[in-house]
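Residues per chain are reported as follows:
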Amino acid sequence: MLFKASAPGSLMLLGEYAVLYGKYALVCAVDRRITVTLTPRSDQEIEINSSLGNLTTDLSKLTITPPFQFVTATLKKFRQQMPSGCHILIEADFSDQVGLGSSAAVTTALLATLTNWFGQPLTAPDMVRQVRAIIRQVQGVGSGADAAASVLGGMVAYKAAPFYTEKLTGNCSLTAAYAGYKTPTVQAIKRVTDLFATQPRVFQKICQAIDECAVQGIAAVRKMDWQALGKIMNMQQGLLDALDINTPELLESIVQLRAQTSIFGAKISGSGLGDCVVGLGVAAGVTFKDEKIKLIPLPMATQGVISEKI
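Attention in this report is confined to the structure presented alongside it.

**Examining the environment of Ala266**
Mapped onto the secondary structure, Ala266 falls in strand 9 (residues 263-269). Once the C-alpha coordinates of Ala266 and Ile254 are considered, the two residues, 12 residues apart in sequence, prove to be 5.6 Å apart. Each residue touching Ala266, except ones within four places of it in the same chain, is listed here: Met233, Asn234, Gln237, Ile254, Leu257, Arg258, Val277, Val278 and Gly279.

This is the structure in structure tokens:
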């Protein structure tokens, strides 16, 4: 018997950085998925295959190993419950170099296959918490917002502490503009932390304003007022500029997307310093002076993690 699960990637619409300090975020699952197929073995061997490479190890010797650090961390966390070794095949609709929450998506999909194999499925909130814990173990930080989107699908209102997650009604399309490079999230967070080390009150005020944008944005989604949401996204971009996480490529992407009448708003999605800008709406035929920038239309994924036995 095979155990198979897929989970969508995501884009952050509102709440960057502030969400790390217990503030609200608005995140949206996108129609690019990572699929994990688990085949139990009769021995203790663990075999992992993906486009990133291959890894073979023993269940008793599991260590957190790049580039499969999130996969091996998940397996290590649950190895006492695993009745045997297994073969894991990972198939992705998008590159891990594009900021669509690949870490959360692959961790969610693997966790779903494992708990299905054990016959101990998790509730959605528990799955979000488990995925968040694994991501934090691997990289030291992580809000869990991308995990909430991968688990629930759709547009999700999220808060880490106290824990709150809600799948909102409504459907929208997004357009991502990828800068052609990315700065690891941990490095971007450290840069912002260092920048405001001597100005903690200023940073706190910025986070409070970002939180208010997220709260107002969630209210706009509840009304399905996409124009209002787009305006709030534009406003929050000004706050992200204050965090000094913009780059020439991201700025060009924002300007070009906002120039499209079909885009309601555009801002950096995630930790910045490269990676993606998200536009609310569908844009086509946008021309960027910088040829590294790539446009990625992204319909919303209405379904979160999907798990099955074959």
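So, next bit.
**What to know about the packing of helix 2 (residues 102-118) against helix 4 (residues 145-152)**
It is the contact of helix 2 with helix 4, at a shortest axis distance of 8 Å, that shows an interaxial angle of 45°. By the angle between their axes, helix 2 is oblique relative to helix 4. When the axes of helix 2 and helix 4 are compared, the crossing they make is right-handed. Residue-level inspection shows Ala104, Ala105 and Thr108 of helix 2 in contact with helix 4, the latter providing Asp146, Ala147, Ser150 and Val151. Counted by class, the contact of helix 2 with helix 4 contains 4 nonpolar, 2 polar and 1 charged residues.

**Remarks on the packing of helix 6 (residues 200-222) against helix 7 (residues 226-242)**
Running from amino to carboxyl end, helix 6 crosses helix 7 at an angle of 165°, the nearest separation of the two axes being 9 Å. In terms of their interaxial angle, helix 6 and helix 7 are classed as roughly antiparallel. Note on packing geometry: the crossing formed by helix 6 with helix 7 is left-handed. Across from Ile206, Ala209, Ile210, Cys213, Gln216, Gly217, Ala220 and Val221 in helix 6, the residues of helix 7 making contact are Trp226, Ala228, Leu229, Ile232, Gln236, Leu239, Leu240 and Ala242. When grouped by side-chain class, the residues that make up the contact of helix 6 with helix 7 number 13 nonpolar, 3 polar and no charged.

Criteria and thresholds
- Residues numbered from 1 in each chain as written.
- Predicted model: local features only at pLDDT ≥ 70, side-chain atom pairs only at ≥ 80, totals over all residues.
- Heavy atoms only, no water.
- Helix = DSSP H or I, 4+ residues; strand = E, 2+ residues; numbered from the N terminus.
- Contact = heavy atoms within 4.5 Å.
- Axes fitted to C-alpha atoms, helices over the stretch in contact; angles between N-to-C directions.
- Parallel < 35°, antiparallel > 145°, perpendicular 65-115°, else oblique.
- Left-handed = near helix turned anticlockwise from the far one by under 90°.
- Nonpolar A, V, L, I, M, F, W, Y, C, P; charged D, E, K, R; others polar.

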